[in-house]
2 protein chains.
Amino acid sequence: MSAGVHGGRAKCLQRLIRLEMPVPVTVALSFDAVHNVGCGRMPDMAEILGHFGPMPLLSVRPSSQDPDWGGPGAILNIGMSDLCHADLCERIGEGPATALYLRFVQSYAVHVARLDPDAFDLPDTADATELKAALRAALEAYEAETDEPFPQDVSVQLSEVLRSMARAWTGTTARLLREAKGAPADAGLGLVVQAMALGVGPGDCGSGVIQYVNALTGQPQVTGRYLSQSQGRDALTAGERAMYLKRDPRGPSLEESCPEAWADLIRFGEMSRRRLREEMQIEFTLHEGKLSILDAVCVQRSSRATVRIAVALAEDGIIPREEALMRVAPSALSELLHRQVDPGAPRDRLVKGIAASPGAATGRIVLTAEAAQSSAARGEACILVRRETTPEDIRGMHAAEGVVTMRGGITSHAAVIGRGLGLPCVVGANDLVIDRKRKQIKIPGGRTLAEGDVITVDGSSGDVLAGEPAMLEAALDVGFQTLLGWADEFRDIGVRANADTPADARSARTFAAEGIGLCRTEHMFFEGDRIGLMREMIFADSAKERRTVLDRLMPMQRGDFTALFEIMAGKPVCIRLFDPPLHEFLPHDKAGMRDLAEGLALPLSDVTARVEALAEYNPMLGLRGVRLGITVPEIYEMQARAIFQAAVAVSRRGDPVVPEIMIPLVSAMREVELVKVRVDAVAAAVRGETGVDFEYRLGVMVETPRAALRAEDIAQHASFLSFGTNDLTQMTYGLSRDDAGRFMSAYVQQGVYPEDPFHTLDVEGVGELLKMGAQRGRAGRPDVTLSICGEHGGSRAAIEFCREQGFDYVSCSPFRVPAARLSAAQLAIGDASKA
Amino acid sequence: MSAGVHGGRAKCLQRLIRLEMPVPVTVALSFDAVHNVGCGRMPDMAEILGHFGPMPLLSVRPSSQDPDWGGPGAILNIGMSDLCHADLCERIGEGPATALYLRFVQSYAVHVARLDPDAFDLPDTADATELKAALRAALEAYEAETDEPFPQDVSVQLSEVLRSMARAWTGTTARLLREAKGAPADAGLGLVVQAMALGVGPGDCGSGVIQYVNALTGQPQVTGRYLSQSQGRDALTAGERAMYLKRDPRGPSLEESCPEAWADLIRFGEMSRRRLREEMQIEFTLHEGKLSILDAVCVQRSSRATVRIAVALAEDGIIPREEALMRVAPSALSELLHRQVDPGAPRDRLVKGIAASPGAATGRIVLTAEAAQSSAARGEACILVRRETTPEDIRGMHAAEGVVTMRGGITSHAAVIGRGLGLPCVVGANDLVIDRKRKQIKIPGGRTLAEGDVITVDGSSGDVLAGEPAMLEAALDVGFQTLLGWADEFRDIGVRANADTPADARSARTFAAEGIGLCRTEHMFFEGDRIGLMREMIFADSAKERRTVLDRLMPMQRGDFTALFEIMAGKPVCIRLFDPPLHEFLPHDKAGMRDLAEGLALPLSDVTARVEALAEYNPMLGLRGVRLGITVPEIYEMQARAIFQAAVAVSRRGDPVVPEIMIPLVSAMREVELVKVRVDAVAAAVRGETGVDFEYRLGVMVETPRAALRAEDIAQHASFLSFGTNDLTQMTYGLSRDDAGRFMSAYVQQGVYPEDPFHTLDVEGVGELLKMGAQRGRAGRPDVTLSICGEHGGSRAAIEFCREQGFDYVSCSPFRVPAARLSAAQLAIGDASKA
């Protein structure tokens with residue numbers, strides 16, 4: 001019997017029987033058999049019923065391949081009839097017998113004959129006379145609705161149950177629901193026909209559900225309930241009427257009342273864990289003191305419990321480490337890195353946007369970066385709500401607990417920075433309207449929030465919630481660390497982190513990144529009074545003046561790099577030279593320009609003229625990256641000097657640092673050549689000045705299609721090529737990530753793009769450029785180091801692609817490093833098992 | 001003797017000698033021989049001098065491979081010495097003999113011995129005594145400067161002349177000058193040593209220059225001058241002292257004074273035209289009535305004359321048509337399509353920008369599109385000067401004679417529209433400052449111009465000139481038409497025009513384009529009151545409302561297409577569906593928004609909010625093209641309906657029209673599929689409504705790298721693929737054409753890019769995507785039609801590329817069609833001659 005022929009439940013029951021657990025007589029109908037039932041070809045009912053005794057009472061349960069795919073509800077007590085009722089009245093008393101019959105008639109009428117449920121209300125009574133009246137009414141109602149008496153033949157009843165379940169499976173709603181969970185269009189349904197263990201009657205009768213771990217933490221702990229005189233899973237919803245399983249000061253327990261059954265259940269739990277290699281939830285019945293095991297399913301569990309259970313099974317030698325690794329979804333790890341809204345907490349959703357950076361945070365609404373900073377200074381948690389964020393908002397983002405933007409997509413500024421900082425972030429919340437004058441936010445449905453009101457950003461779901469729902473804390477526990485340690489044993493591709501600041505670098509170390517794959521230096525120019533100096537440099541009239549200002553920025557940059565090198569302690573650090581257009585550093589409103597004019601002692605008109613002159617139609621495609629490096633070479637020279645001096649200083653105190661310097665936005669070989677000449681000259685100068693020799697590597701960020709096409713030339717001058725898949729995706733599609741948000745969801749819904757290419761690497765288009773770039777890069781320099789450092793870096797699809805292409809490493813936000821390490825291990829294990 | 005060994009002049013002289021013209025004894029020194037002279041290895045002087053009589057007088061002239069590459073000036077009268085002077089005094093008189101000697105001493109001292117020219121002033125006198133004193137002074141000055149007497153030996157003189165000429169050729173200035181004209185680094189210099197025909201003495205003595213065509217028009221016309229008692233080319237600068245050649249009422253002529261020599265010259269002219277297969281300019285000398293032919297060079301000529309001469313030579317059977325076609329540079333044709341500033345006119349240059357659309361125009365400065373329209377309404381020619389142009393300026397551009405912008409590059413809006421309209425245009429004139437308040441323009445150097453001042457735009461050179469210099473009119477004469485007719489016989493690739501308006505379409509017909517390769521429909525939405533409707537549509541709240549507004553736009557669009565189909569009379573018309581982002585149609589300043597709010601009866605805040613909401617960071621990469629077509633499908637449906645109805649209407653009156661519909665900005669196959677479904681539905685509806693069956697073709701504009709990569713899929717649903725190389729170049733490089741202007745010239749100067757890729761197709765990068773796209777497109781649909789429709793379409797490099805790749809046609813601005821036809825013919829002829 002296999003899950004692919006008879007379904008998971010049938011398979012599991014078979015295994016329980018082999019373990020000699022007391023499972024009642026069970027007959028499994030295969031997918032094919034049930035499919036035939038759906039088409040009107042019934043199995044041999046006599047043959048089925050022959051497995052059971054005379055006047056049997058039966059249950060039928062669904063058995064699909066994956067329990068997540070759903071299926072029709074169980075039907076119990078099939079076989080009840082006037083005759084059987086009379087018999088039961090004698091055996092278990094009239095009241096309970098009538099209640100069972102009535103319940104069966106009701107469920108048969110509603111779920112099998114599909115009659116109006118209102119006509120079959122169950123009375124809330126245990127009084128035998130009332131129950132009898134209700135039964136009579138129900139039988140009459142059945143006859144009135146169907147023009148036939150209620151069927152008395154178990155064979156007829158069972159046939160109809162099977163038929164109705166087979167048909168329910170093929171209904172459109174059921175199909176759509178299971179397809180949404182990944183079921184194939186032709187997913188089959190098996191059915192399990194089982195003798196009832198009644199659970200109702202004299203002596204110790206009842207039913208219950210038991211599991212052996214805590215569903216939230218994964219720690220060993222018996223949980224569940226037992227309800228005497230009950231069937232099925234009633235115990236779970238019986239509230240105070242139900243009994244504890246293990247001895248408990250709060251009330252009576254099964255352990256005390258039926259110690260033998262308790263001992264068996266504990267034994268069965270241990271047995272099923274070892275032999276089924278999983279933590280199971282077991283459904284059981286006691287009938288006249290005799291224990292029956294009716295069903296067992298895998299314990300539902302939180303992400304945290306998933307990790308804990310997998311690690312414990314491997315540590316106990318029950319499953320190999322590979323299997324433990326395969327059992328945890330990488331996305332589950334990401335959840336554990338952040339606080340989450342308690343899934344059980346009520347949610348008052350204000351607006352929905354794009355889930356851009358996972359985790360949840362609560363705070364008071366602030367509408368400007370300045371307000372965020374003063375809120376943080378007061379020690380008050382705040383959520384920064386903006387139309388969109390710009391580099392000027394960085395300090396505000398650092399100060400905030402979470403960020404919400406009206407505009408932008410999964411790779412907008414707010415999203416990228418949010419993920420880098422591990423800051424919960426929702427972007428593209430189009431339905432928000434920010435009224436800056438009144439300091440209010442309008443929400444669809446006429447609600448209005450004011451600055452200072454408390455909201456919660458759920459960056460895992462994309463929801464913005466009112467108030468402060470209950471939270472679950474992050475869980476970087478021992479199990480988490482153990483699992484990732486195992487992942488590193490199996491994976492065969494490097495994982496680095498994108499880290500711009502010492503805080504990022506420390507996160508990168510915490511998550512055991514093997515180095516920094518992308519350090520974006522531009523953020524360093526917004527800090528403290530540096531932006532003032534940047535602006536002074538932008539307004540400088542000559543290379544000489546620019547150099548004077550840059551000389552003042554240099555020690556600050558050197559400090560940044562020194563800190564990074566120290567934190568990374570000899571692990572590689574790849575620094576991208578200055579990338580953004582200069583106008584990003586200029587103010588864009590009148591007030592800012594007035595301030596700047598005062599600061600620089602220039603007429604306002606000069607400042608506005610310069611700001612206007614530097615404005616660009618398409619900043620993404622403008623004067624930035626290496627284009628700035630070539631037209632304003634002083635900037636790169638300053639950065640190279642700061643990098644080399646920092647490397648020399650840190651190397652003196654410890655392991656030699658070999659900095660990696662990366663040139664952004666290259667589109668032609670000659671750009672690399674020109675920058676290389678200058679950087680080499682700076683290195684020679686620093687060697688001369690310090691008397692210290694040092695190595696460094698110069699490489700190229702491949703982010704224009706042309707750089708990928710010309711990678712063979714470019715690799716002549718580049719010891720590494722790192723593919724910036726964000727920009728490469730933008731240019732390959734001709735699609736700005738900042739502007740795509742407005743129609744991307746419509747595009748994905750209509751299937752125009754199978755997925756948001758900023759979220760999932762577009763293997764067909766962008767991937768082909770990566771492939772070409774890698775092949776050509778190797779043709780130009782066989783030992784060239786290849787990597788991805790875009791937002792895709794942490795995703796399974798990208799890692800899979802990079803492994804296939806023999807890339808050396810991927811680099812992603814620090815908070816995605818754990819998932820990336822796990823994905824890489826899973827891919828390696830998957831390949832090994834195929835081999 | 002070949003031009004590649006002895007130089008063009010030597011070769012030509014040899015041919016004149018073979019034609020038995022009276023060429024004085026001539027010895028040619030090869031490139032190698034001269035190279036040796038430069039290195040100090042002199043030829044056998046006795047051997048050279050052996051060709052001439054005793055006491056020879058010689059000239060030396062340079063003979064480089066291409067006369068354009070320059071070379072040292074001729075030195076005449078080598079051999080003059082005290083002895084020779086005495087002899088000449090007897091033969092031609094003391095005054096003339098002394099003048100000759102003095103002149104030789106002067107030119108030898110300055111050009112050969114490199115002495116200070118001030119010490120060797122020539123006196124303005126014919127008085128023998130004064131001349132003698134001057135000669136004495138010159139000889140003494142020579143001796144004083146060099147500590148040696150003036151050399152008296154012809155062998156010494158000639159050696160020194162040869163040495164000095166050989167060295168001059170290798171000097172840096174000379175080398176840079178000729179390399180700028182395309183000479184290779186190792187270009188050689190030959191030298192021609194020739195016996196002097198004196199031209200000075202008793203009887204009919206003198207020299208002159210004659211040519212047989214008008215240098216400006218190319219029409220047959222004897223021009224030139226003769227100056228008695230002169231040498232070399234003195235006649236050309238002698239003013240009134242010189243004689244006409246042909247009988248002329250204005251003064252004496254060679255025809256009258258020496259009818260035999262005249263007759264010989266006419267005969268030689270005819271002979272050289274037939275046998276040298278060119279219009280030559282001949283340098284001649286009469287000495288004692290005897291005619292000598294000293295030199296002949298190709299007549300310098302205007303572009304117009306180039307065409308006329310080539311056509312006439314072919315029509316006279318002297319050269320084949322192929323050769324006539326090869327002799328005309330395609331760029332020369334473009335000049336003929338436009339008025340030009342007379343090359344001889346003085347130029348008062350105000351500022352220089354990028355030559356963006358050829359031709360010249362004069363008019364009064366206007367600073368707004370409205371001012372341009374009112375100026376045109378008053379019948380006053382105007383030049384529109386703007387920071388940059390936007391689609392809102394279209395009507396102003398139509399009204400202006402020329403356009404100047406501060407910003408933008410060769411493919412900026414102003415440039416593209418300018419070329420489309422054949423409107424002279426200079427863009428990127430960075431040094432201009434427009435003071436809108438004062439309605440003034442500030443020019444570097446402190447000059448200020450006011451609105452209303454007259455300026456001239458020279459879109460061929462990039463100059464903006466003050467006032468109104470003399471102009472040459474356009475010249476679409478018979479020769480031009482004949483030549484292009486021949487081009488069409490030879491070329492093997494189609495040439496279509498990009499045409500948006502009936503005026504464009506008429507230009508396209510005038511220049512014999514084979515159809516419209518790109519009709520950009522967005523311009524149609526700016527005309528008249530259409531922009532008002534567009535804005536109403538943008539503000540519509542539902543698809544239904546949008547459709548209502550579009551229903552009002554539809555008849556106007558239908559009118560546009562009807563006009564185009566009628567003008568093109570059955571030739572294919574490829575219409576690109578709506579492409580720009582919607583915000584291009586909204587006002588961007590407060591005043592415009594206020595107007596719009598009033599017009600739509602909406603609160604101003606609603607209008608500003610909508611304008612803000614539609615703004616994009618990178619409009620180039622935003623919600624436009626097919627992305628709009630899919631998210632706001634009503635627009636494409638309206639356009640398809642207008643196209644089909646127009647096709648039905650025009651087909652009823654004449655040849656069936658098979659419209660081509662092109663989808664812009666495609667990046668995924670599914671986009672094409674979705675649009676195709678809707679367009680097909682509209683076609684079915686129009687067929688039903690009109691009862692007329694019609695065909696149409698649906699294709700894709702390939703302008704994102706991804707569309708090129710996925711061309712195989714895309715071609716499944718596209719019967720043609722037209723590569724939009726503008727956008728494709730922008731995306732492949734990650735470089736916005738509008739923003740590139742600021743650094744492109746620096747980039748090209750530093751050799752970072754070999755050429756501006758918006759100007760010359762980047763064959764290595766963008767070209768590879770074209771190649772891939774073409775191959776994959778064919779793989780997906782073997783009969784797919786392939787073409788280029790970007791700005792590159794008309795360039796030789798792009799046509800060469802497209803021919804190699806087997807494209808069906810190129811499409812370019814109407815005014816570039818003639819050059820494209822010629823380039824295509826030249827490429828085909830070149831291939832045939834190689835085969």
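Residues numbered from 1 in each chain as written. Chains lettered and ligands numbered in written order. Predicted model: local features only at pLDDT ≥ 70, side-chain atom pairs only at ≥ 80, totals over all residues. Heavy atoms only, no water.

Q: Explanation requested: the overall build of chain A in the structure shown.
A: Each helix and strand counted, chain A has 32 helices and 29 strands in total. Counting only C-alpha atoms and orienting by the principal axes, one finds that chain A spans roughly 105 × 60 × 55 Å. Here chain A, with 835 residues, has 58% of them falling under the buried criterion. In chain A, the share of contacts with a sequence separation of at least 24, taken over all contacts with a separation of at least 6, comes to 68%. (Helix = DSSP H or I, 4+ residues; strand = E, 2+ residues; numbered from the N terminus. Buried < 20%, exposed > 50% of the residue type's maximum accessible area, 1.4 Å probe, protein only. Contact = heavy atoms within 4.5 Å.)

Q: What exactly am I supposed to notice about the relation of the copies chain A and chain B here?
A: In this arrangement, two copies of a chain are superimposed by a rotation about an axis accompanied by a shift along the axis. Laying chain A over chain B is done by rotating through 180° and shifting 0.2 Å along the axis; what remains is an RMSD of 0.2 Å. Such a combination of turn and shift is consistent with a two-fold rotation axis. Here 98% of the contact residues of chain A are again contact residues in chain B; the copies associate through an equivalent surface. (Least-squares fit on C-alpha atoms with pLDDT ≥ 70 in both.)

Q: For this particular structure, what's the right way to read the nonpolar core?
A: Within soluble globular proteins, side chains that are nonpolar generally end up buried alongside one another. Counting residues in each nonpolar core, the largest one holds 281 residues, and the members touching the most others are A:Leu483, A:Phe565, A:Phe644, B:Leu483, B:Phe565 and B:Phe644. Those residues in contact with A:Phe565, other than ones at most four positions away along the chain, are A:Gly570, A:Val573, A:Ile575, A:Ile643, A:Ala646, A:Ala647, A:Val650, A:Val657 and A:Pro659. (Core = buried A, V, L, I, M, F, W, Y, C linked by side-chain atoms within 4.5 Å.)

Q: Can you walk me through the side chain of B:His287 in this structure?
A: Considering the arrangement of structural elements, one finds B:His287 in strand E7 (residues 280–287). Discounting residues that sit within four places of it in the chain, B:His287 has contacts with B:Leu198, B:Gly199, B:Val200, B:Asp204 and B:Cys205.

Q: Sorry if this is basic, but what is going on with the pairing of strand E8 (residues 290–298) of chain A here?
A: Every regular strand shows the same layout, with side chains that alternate between the two sheet faces. All names here are of chain A. Where strand E7 (residues 280–287) and E8 come together, eight bridges link them in antiparallel fashion. Bridging across to E8, glutamine 281 finds its partner in valine 297. Counted between consecutive antiparallel strands, the loop separating E7 from E8 contains two residues, among which glutamate 288 sits at a positive phi close to 50°. (Pairing = 2+ DSSP bridges.)

Q: Looking at this model, I keep getting lost on the pattern of salt bridges. Mind explaining?
A: A side chain with one charge may pair with a side chain of the opposite charge, provided their charged atoms come close. Residue and element names in this part refer to chain A. Under the counting rule described, the total for this entry stands at 125 salt bridges over all chains. When the shortest N-O distance is used, the salt bridge between glutamate 536 and arginine 552 registers 3.2 Å. Here the residue glutamate 536 occupies a position in helix H19 (residues 530–538), and arginine 552 occupies one in helix H20 (residues 543–568), the gap between them amounting to 16 residues. Judged by its relative accessible area of 45%, arginine 552 falls in the partly exposed class. Where arginine 547 meets glutamate 637, a salt bridge forms, and the shortest distance between an N and an O atom there is 3.4 Å. In this pair, arginine 547 sits in helix H20 while glutamate 637 sits in helix H24 (residues 634–653), placing the two residues 90 residues apart along the sequence. Residue arginine 547 is classed as partly exposed on the basis of its relative accessible area of 38%. Among the charged side chains, a network of salt bridges with common partners joins Arg277, Glu278, Arg301, Glu323 and Arg327. (Salt bridge = Lys/Arg side-chain N within 4 Å of Asp/Glu carboxyl O.)

Q: So what exactly am I meant to see when it comes to the UniProt feature "binding site: substrate" (unreviewed entry) in chain A here?
A: Residues and elements named next belong to chain A. The UniProt record marks Arg520, Arg576, Glu703, Gly724, Thr725, Asn726 and Asp727 with the feature "binding site: substrate" (unreviewed entry), using the residue numbering of this structure. Relative to the elements of secondary structure, arginine 576 occurs in strand E24 (residues 573–576). Here arginine 576 falls in the buried class, since its relative accessible area comes to 6%. With residues near it in sequence (within four places) discarded, arginine 576 still touches Leu518, Cys519, Arg520, Thr521, Glu522, Met662, Pro664 and Met701. Mapped onto the fold, glycine 724 is located in the loop between strand E27 (720–723) and helix H28 (725–733). Under the relative-accessibility criterion, glycine 724 is labelled buried at 2%. Once residues within four sequence positions are removed from consideration, glycine 724 is found in contact with Met701, Val702, Glu703, Cys789 and Gly790. (UniProt positions renumbered as here; feature names shortened; annotations may be inferred.)

Q: What exactly am I supposed to notice about the UniProt feature "binding site: Mg(2+)" (unreviewed entry) in chain A here?
A: Residues and elements named next belong to chain A. UniProt records the feature "binding site: Mg(2+)" (unreviewed entry) for Glu703 and Asp727 in the present numbering. Across 25 residues of sequence, these annotated residues stay compact in space, with a maximum C-alpha separation of 5.4 Å. Residue placement: glutamate 703 occurs in the loop between strand E26 (697–702) and helix H26 (705–709). Only 2.6 Å separates the side chain of glutamate 703 from the backbone nitrogen of leucine 665, close enough to count as a polar contact. Assignment of secondary structure puts aspartate 727 in helix H28. (Polar contact = N/O pair within 3.5 Å; in protein donor to acceptor, adjacent residues only side chain to side chain.)

Q: Would you explain the packing of helix H19 (residues 530–538) of chain B against helix H20 (residues 543–568) of chain B in this entry?
A: Residues and elements named next belong to chain B. Where H19 contacts H20, the axes come no closer than 9 Å and their chain directions differ by 150°. One finds that H19 runs roughly antiparallel with respect to H20. Pair H19 / H20 crosses with left-handed handedness. Of the residues in H20, those touching H19 at Arg530, Leu533, Met534, Glu536 and Met537 are Arg546, Val549, Leu550, Arg552, Leu553, Met556 and Asp560. A breakdown of the residues in the contact of H19 with H20 according to their chemical character gives seven nonpolar, no polar and five charged. (Axes fitted to C-alpha atoms, helices over the stretch in contact; angles between N-to-C directions. Parallel < 35°, antiparallel > 145°, perpendicular 65-115°, else oblique. Left-handed = near helix turned anticlockwise from the far one by under 90°. Nonpolar A, V, L, I, M, F, W, Y, C, P; charged D, E, K, R; others polar.)

Q: Just checking my understanding: could you explain the packing of aromatic side chains for this structure?
A: Think of a pair of aromatic rings as described by two things: how far the centres are apart, and how the planes are tilted against each other in angle. In total, this model carries 36 aromatic pairs over all chains according to the counting rule given. Centroid distance A:Phe578 to A:Phe585: 5.4 Å. Interplanar angle 25°. Geometry classified as stacked. Of the two residues examined, A:Phe578 and A:Phe585, each falls in the buried class. The cationic tip of B:Arg496 hangs over the ring face of B:Tyr809; the distance from NZ or CZ to the ring centre is 4.0 Å. Of note, B:Arg687 hangs over the ring of B:Phe694, and the distance from its end group to the ring centre comes to 4.7 Å. (Phe/Tyr/Trp six-rings, centres within 6.5 Å; stacked < 30°, edge-to-face > 60°. Lys NZ or Arg CZ within 6 Å of the ring centre and 35° of its normal.)

Q: What am I meant to see in the interface of chain A and chain B here?
A: Often, the extent of an interface is quoted as the loss of accessible area upon association of its parts. Every contact between the two is made by 52 residues of chain A and, on the other side, 52 residues of chain B. Summed over both sides, the interface between chain A and chain B buries roughly 4900 Å², with carbon and sulfur atoms accounting for 50% of that surface. Interface area lost by chain A to chain B is led by A:Tyr617, A:Leu621 and A:Arg706, which between them contribute 14%. Summed over the shared surface of chain A and chain B, the number is twelve salt bridges. The partner of A:Arg742 in a salt bridge is B:Glu616, with the nearest N and O atoms 3.7 Å apart. (Buried area = accessible area lost by both parts, 1.4 Å probe.)

Q: How should unusual backbone geometry be read in this particular structure?
A: Phi is mostly negative for residues that are not glycine, and the peptide bonds are mostly trans. All names here are of chain B. We note that methionine 55 has phi near 45°; this positive angle belongs to a residue other than glycine. Relative to the helices and strands, methionine 55 resides in the loop between helix H3 (45–49) and strand E2 (58–64). Within the chain, lysine 439 stands out as a residue other than glycine whose phi angle is a positive 55°. Tracing the sequence through the fold places lysine 439 in the loop between strand E16 (433–435) and strand E17 (440–443).

Q: Even after reading the chapter, I still don't get the packing of helix H5 (residues 94–112) of chain A against helix H6 (residues 128–146) of chain A, so can you show me in this structure?
A: Working note: a packed helix pair is described by the angle between its axes plus the distance between those axes. Residue and element names in this part refer to chain A. Running from N to C, H5 and H6 point in directions that differ by 25°, and their axes come no closer than 9 Å. If you check the angle between H5 and H6, you find them roughly parallel. The handedness of the crossing between H5 and H6 is left-handed. Counted together, Glu94, Gly95, Thr98, Ala99, Tyr101, Leu102, Val105, Tyr108 and Ala109 of H5 and Ala128, Leu131, Lys132, Ala134, Leu135, Ala138, Leu139 and Tyr142 of H6 form the full contact between these two elements. Of the residues that constitute the contact of H5 with H6, the class distribution is 13 nonpolar, two polar and two charged.

Q: Mind showing me how you'd approach the sheet that holds E24(A) here?
A: All names here are of chain A. The parallel closed barrel is built from eight strands, whose spatial order is E22-E23-E24-E25-E26-E27-E28-E29. Geometrically, the sheet is characterised by an average inter-axis angle of 25° between neighbouring strands, direction not taken into account. Relative to E24, strand E23 (residues 516–520) is paired through three bridges, and the arrangement is parallel. When the bridges of E24 are listed, isoleucine 516 appears paired with valine 573.

Q: Any chance you could explain the sheet that holds E7(A) here in plain terms?
A: Working definition: the strands of a sheet are paired by backbone hydrogen bonds and lie parallel or antiparallel to each other. All names here are of chain A. Sheet architecture is open: four strands sit in the order E6-E5-E7-E8, paired in antiparallel fashion. Every other strand in the sheet has two partners, leaving strand E6 (220–228) and E8 as the edge strands with one partner each. For this sheet, the mean angle separating the axes of adjacent strands, direction not counted, is 20°.

Q: I would appreciate a short explanation of the environment of A:Leu177 in the present structure.
A: Along the chain, A:Leu177 falls in helix H8 (residues 172–180). Distance from A:Leu177 to A:Trp69, taken between C-alpha atoms, is 7.6 Å for residues 108 residues apart in sequence.

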